[in-house]
Amino acid sequence: MKIGEFAIENKTTIDTIRHYMDLSLLTPDKKGSFYEFDKNCQDDYNSIIALKQIGFSLAEIQTLIIFERIGRHTGYSRRETYRAFFENKMKWIDAELERLQDMKSKLQATVDSMPDKSIRKQDKAGVPLSVLPLLYCSKCQSSYVLSEGHIENGEIITGELKCSCSETLQIKDGILFGKDFLDPDSCADFDDSFVEDYVQTTHIDYLKNLHLSLQWARNNYHFPKSENGIILELGSGRGFFLRNMLDLFPKQSIYIAVDYNPNAHRWLKKSLADVVGDKRILYLCCDFRRIPLRPKTVDTLVDATGSSNFAFDNSDFLLDSLIPLLKEDAILHGQYLVFKNFALNTMIPDSSRKWFIKDELKSHIQGLGFKQLSEHETSPISEGGPKESFFVKGEKIYNYLYIGRLKMKP
């Protein structure tokens, strides 16, 4: 029987048969340029498969078959050598079963400690009442007052806020809606598998830069000066910064997460429901340039690619419009997308290209009155993913991280 016929007969491949031959597990006679597989080859093949099925490796099988061939028909091989091999294999299996059982127990304990999605507590977090004094109408320069609403545990779940000129802010499902947010039907949607999908579809170099940026931010984070400090984040989106910094925020601080995509806020609020604890978070959905906050309110401004994302579609720099909201000595935590070079077919318009050049970006930030405390940059990369589709072949992009303190001009 030729090698092809032998492979077909045993429902395997010619490459597998050749591999067994290389290991001397199969030793067919060679007649001319062809190998001839006989009954002995079939018996050896059957032994290989049988031994594999009870857990022996090819190296172990090689040794067993050599012993079998050398001691063929003596009885000694089966009585002593095979017995020792099989007993050792059973001891290994017993140890492996014990190891796997221990691994299973640890896995089960981990699974048991995870919140069960089917019995997950309802997300009842709303707009903290303590936020109301911070809200402000720039049109009539007055505070917003709760005209109607449903309150639970000191938080507004649904309601309406009005100012002196009758401008209104709506609260729905614990999210505050300001002016000019996006239509939910036209926005990207988010579901429970978003983070998993994002990690699986985004290039590893981009993910590494994101991770290193967040780690650097944790290591260099400046807390608000007071326990009641106000932290404002521009473009909270997927919540990567908030997730990684939540445990560092002072208990009494208020974190204001701003985004114009209602779907992003609903998803983020739901995904953080079980870990927020007693931290106070205001989810605010509005145009970034129309944030309804009282002037000189914010202690820490987080610009984690918010201005960069804004610059893709706008020629002005988002941070400029936020300066009136900042206190003297406010801290800026900036993370910006910076291009090492632009391709001829770059997606960055000429009018906003300066916001993606490190030297011009840094100079502009300092021109706003910020004094640098520290800075950092990641390695340049050339690939992103479906959610980071601004990469063009030939361009290299890195993250520029900047921490500065605002010093108001006299």
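The rules behind the values
The numbers attached to residues start from 1 for each chain and follow its sequence in the written order. Predicted model: local features are reported for residues with pLDDT of at least 70 only, side-chain atom pairs are reported and counted for 80 or more only, and whole-chain, interface and lining totals are derived from all residues. In computing side-chain values, all of the structure's heavy atoms are included and hydrogens and water are not. Labels follow the DSSP assignment, with helices taken as runs of H or I lasting at least four residues and strands as runs of E lasting at least two, numbered in each case from the N terminus. By the criterion applied in these results, polar contacts are pairs of N or O atoms within 3.5 Å in which, for protein atoms, one can donate a hydrogen and the other can accept it, and in which residues neighboring in sequence qualify only through two side-chain atoms. Nonpolar side chains (Val, Leu, Ile, Met, Phe, Trp, Tyr) within 5 Å and like charges within 9 Å form the patches, drawn only from residues with over 30% relative accessible area and no salt bridge. Where accessible areas are quoted, they stem from the Shrake-Rupley method and a 1.4 Å probe; at the residue level, only the protein chains shown are allowed to cover. By definition here, a salt bridge exists when the distance from a side-chain nitrogen of Lys or Arg to a carboxyl oxygen of Asp or Glu is within 4 Å. When charges are counted, Lys and Arg contribute as positive and Asp and Glu as negative, whereas His and the chain ends are disregarded. Throughout, a charge is located at the NZ atom of Lys, the CZ atom of Arg, the CG atom of Asp or the CD atom of Glu. Residue burial is assigned from relative accessible area. The probe radius is 1.4 Å, only protein chains are included, and a residue is buried under 20% of its type maximum, exposed over 50%, and partly exposed in between. In what follows, residue pairs with any heavy atoms lying within 4.5 Å of each other are defined as contacts. Centre distance within 6.5 Å is the pairing criterion for rings of Phe, Tyr and Trp, where only the six-membered ring of Trp is used; planes under 30 degrees apart are then read as stacked, over 60 as edge-to-face, and the remainder as tilted. Either the NZ atom of lysine or the CZ atom of arginine qualifies as a charge over a ring when it sits within 6 Å of the ring centre and within 35 degrees of the ring normal. Note on geometry: axes are C-alpha line fits, over the in-contact stretch for helices, and angles between N-to-C directions span 0 to 180 degrees. Our angle categories are set so that under 35 degrees counts as roughly parallel, over 145 as roughly antiparallel, 65 to 115 as roughly perpendicular, and the remainder as oblique. Crossings are assigned a handedness: left-handed for a near helix turned anticlockwise from the far helix by less than a right angle, right-handed for a clockwise turn. The classification used treats Ala, Val, Leu, Ile, Met, Phe, Trp, Tyr, Cys and Pro as nonpolar, Asp, Glu, Lys and Arg as charged, and all other residues, Gly among them, as polar. If DSSP finds at least two bridges between two strands, the strands pair.

Peer 1: Please explain the environment of Glu 5 as it appears in this structure.
Peer 2: Relative to the elements of secondary structure, Glu 5 occurs in helix α1 (residues 3–9). Here the alpha-carbon distance between Glu 5 and Glu 377, two residues 372 residues apart in the chain, equals 62 Å. Among the polar contacts made by the side chain of Glu 5, one reaches the main-chain amide nitrogen of Lys 2 at a distance of 3.0 Å.

Peer 1: Teacher, can you tell me more about a negative patch on the surface here?
Peer 2: A cluster of like negative charges, contributed by Asp 189, Asp 191, Glu 196 and Asp 197, occupies part of the molecular surface. The topology assignment puts Asp 197 in helix α6 (residues 194–201). Here Asp 197 falls in the partly exposed class, since its relative accessible area comes to 38%.

Peer 1: Hey, could you run me through the side chain of Lys 89 in this one?
Peer 2: With respect to the helices, strands and loops of the structure, Lys 89 is situated in helix α5 (residues 76–113). If near-sequence neighbours (up to four positions away) are discounted, Lys 89 is found in contact with Ile 54, Gly 55, Phe 56 and Glu 60.

Peer 1: How should I be thinking about the environment of Cys 286 in this particular structure?
Peer 2: Mapped onto the elements of the fold, Cys 286 is located in the loop between β12 (280–285) and β13 (298–304). Taking the C-alpha atoms as reference points, Cys 286 and Val 258, separated by 28 residues in sequence, lie 7.0 Å from one another. In this structure, Cys 286 is in contact with Gly 178, Lys 179, Asp 180, Phe 181, Val 258, Asp 259, Tyr 260, Ile 291 and Pro 292, ignoring residues within four places of it in sequence.

Peer 1: How do you make sense of the environment of Glu 9 when you look at a structure like this?
Peer 2: Mapped onto the fold, Glu 9 is located in helix α1. In this structure Glu 9 comes out as exposed when scored by relative accessible area, which is 55%. Considering only alpha carbons, one finds Glu 9 and Gln 42, 33 residues apart in sequence, at a separation of 9.8 Å.

Peer 1: Explain the packing of aromatic side chains here, please?
Peer 2: Centre-to-centre distance and the angle between the planes together describe a pair of aromatic rings. The tally for this structure, following the rule as stated, stands at 18 aromatic pairs. On the basis of an interplanar angle of 15° and a centroid distance of 5.0 Å, the ring pair of Phe 339 and Phe 342 is categorised as stacked. For Phe 342, a relative accessible area of 24% corresponds to the partly exposed category. Among the aromatic residues, ring-to-ring pairing joins Tyr 206, Phe 312, Phe 339, Phe 342, Phe 356, Phe 390 and Phe 391 into one connected group. For the cation-ring pair, Arg 353 lies above Phe 342, with the distance from its terminal atom to the ring centre recorded as 5.1 Å.

Peer 1: Even after reading the chapter, I still don't get the packing of helix α3 (residues 39–53) against helix α4 (residues 58–70), so can you show me in this structure?
Peer 2: Helix-helix packing is described using two parameters, namely the angle between the two axes and the distance between the axes. For the pair α3 and α4, the least separation of the axes is 10 Å and the interaxial angle reads 135°. One element, α3, and the other, α4, form an angle in the oblique class. Remark: the crossing between α3 and α4 carries right-handed chirality. Two secondary-structure elements touch here, α3 through Asp 44, Ile 48, Leu 51 and Lys 52 and α4 through Leu 58, Ile 61, Leu 64, Ile 65 and Arg 69. By residue class, the composition of the contact of α3 with α4 is six nonpolar, no polar and three charged.

Peer 1: Would you explain the pairing of strand β10 (residues 230–234) in this entry?
Peer 2: Taking burial as the measure, the five residues of β10 include five buried ones, the bulk of the element. By the alternation rule, side chains of β10 split into Ile 230, Leu 232 and Leu 234 and Ile 231 and Glu 233, which are all buried. Judged from the three bridges that link them, β10 and β13 form a sheet pairing that is parallel. Along β13, the bridge assignment pairs Glu 233 with Val 302.

Peer 1: Is there a simple way to explain the pairing of strand β8 (residues 168–172) in this structure?
Peer 2: The side chains of a regular strand alternate, first on one face of the sheet and then on the other. Of the two faces of β8, only one is covered, namely that formed by Leu 169 and Ile 171; the face formed by Thr 168, Gln 170 and Lys 172 stays uncovered. With four bridges joining them, strand β7 (residues 155–162) and β8 adopt antiparallel strand pairing. For Gly 159, the partnering residue across the bridge sits in β8 and is Ile 171. Counted along the chain from β7 to the antiparallel partner β8, the turn is five residues long, and its residue Ser 166 has a positive phi close to 70°. Linking β8 to strand β9 (residues 175–177), which pair antiparallel, is a turn of two residues; within it Asp 173 sits at a positive phi near 55°.

Peer 1: Help me out: how do you make sense of helix α9 (residues 262–271) in this one?
Peer 2: Given 3.6 residues per turn, any residue in an α-helix points the same way as the ones three and four places further on. In terms of residue burial, α9 counts as a mostly covered element, since seven of its 10 residues are buried. Every buried residue belonging to α9 is among Pro 262, Asn 263, Ala 264, His 265, Trp 267, Leu 268 and Lys 269, and all of these are buried. Buried residues belonging to α9 abut β9, α6, α8 (240–245), β11 (254–259) and β12. The backbone nitrogen of Asn 263 has a side-chain oxygen 2.9 Å away, supplied by the residue at the start of α9, namely Asn 261.

Geometry only, nothing functional implied.
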